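Read off the chains here:
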Amino acid sequence: YVESARRGGTIATRGGTIRLMSVLGPTHLLSGGGDIIVRRAAAPVKAETTSGDVSITVDAGSKTESIEAKTSKGNVVLYVHSAFAADVDATIVTTDPAADTIVSDLPGLSISREEIRGKTRVRAVGKLNGGGERVVLEVTGGDIRITTAAPK
């Protein structure tokens, strides 16, 4: 658990949950197995876990942020305010495309599906609120959600 990382570099664990409550500088979070939770991100965030959920809450004062989130077994949820602007590239690789979905509360994403060696790749690309920094979200066997709701 880290309360603030104003210019933090890399925060890593081989297994376990990472919780970061504030970010005001470049951050790279890596978990070997466990959830990554970032609240009030006001700087570029790169979060990756091999097994677990990634939850990132963008600071309400940020109009756009560069974000990368990846999990091999879990979900990615990005909490943003309604005026958040980004160029989004979100991808799910799944064996159950009916269960694993990409959902955005903000319009602007175009969703496509492609069969690849017995799996389905669901991809959503587009500009939220006219576009901004690049947001890349990647999930294997889980959901991606971009929401304007408050985090739970």
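Per chain, residue numbering runs from 1 following the sequence as it is written. In keeping with the predicted nature of the model, local features appear solely for residues at pLDDT of at least 70, side-chain atom pairs appear and are counted solely at 80 or more, and the whole-chain, interface and lining totals rest on all residues. Just so you know, side-chain values use all the structure's heavy atoms and leave hydrogens and water out.

### Quick word on the confidence of the model for the protein
And then number 1: Values of pLDDT, the confidence the predictor places in each residue, fall between 0 and 100. Of all residues in the protein, 86% attain a pLDDT of 70 or more, and the chain-wide mean is 87.
And then number 2: Below a pLDDT of 50 lies the segment residues 1–5, which in the model reaches 15 contacts outside its immediate sequence neighbourhood of four places, other chains included. In what follows, residue pairs with any heavy atoms lying within 4.5 Å of each other are defined as contacts.

### Points about the pairing of strand β9 (residues 86–94)
And then number 1: Burial of β9 is extensive: seven of the nine residues sit out of reach of the surface.
And then number 2: Following DSSP output, two strands are said to pair if at least two bridges run between them. Strands are runs of DSSP state E lasting at least 2 residues, helices are runs of H or I lasting at least 4, and numbering of each runs from the N terminus. Two strands pair when backbone bridges link them, and β9 and strand β12 (residues 119–128) are joined in this way by nine bridges, in the antiparallel orientation. Bridge assignment links Ala86 to a residue of β12, and that residue is Leu128.
And then number 3: Two strands pair when backbone bridges link them, and β9 and strand β13 (residues 133–140) are joined in this way by eight bridges, in the parallel orientation. Bridge pairing in β13 links Val88 to Val135. Throughout this description, buried means an accessible area under 20% of the type-specific maximum (1.4 Å probe, protein chains only), exposed means over 50%, and partly exposed covers the range between.

### Some points on the pairing of β12
And then number 1: In this structure, strand β11 (residues 109–116) lies alongside β12, joined through eight bridges in antiparallel fashion. Bridging from a neighbouring strand, Ser110 pairs with Val125 of β12.

### Considering unusual backbone geometry
And then number 1: Phi at Arg117 is positive, roughly 45 degrees, even though this residue is not glycine.
And then number 2: Structurally, the position occupied by Arg117 is in the loop between β11 and β12.
And then number 3: Overall, the relative accessible area of 80% leaves Arg117 in the exposed class.
And then number 4: Even without glycine at this site, Asn129 takes up a positive phi of about 50 degrees.
And then number 5: Position of Asn129 relative to the elements: it lies in the loop between β12 and β13.

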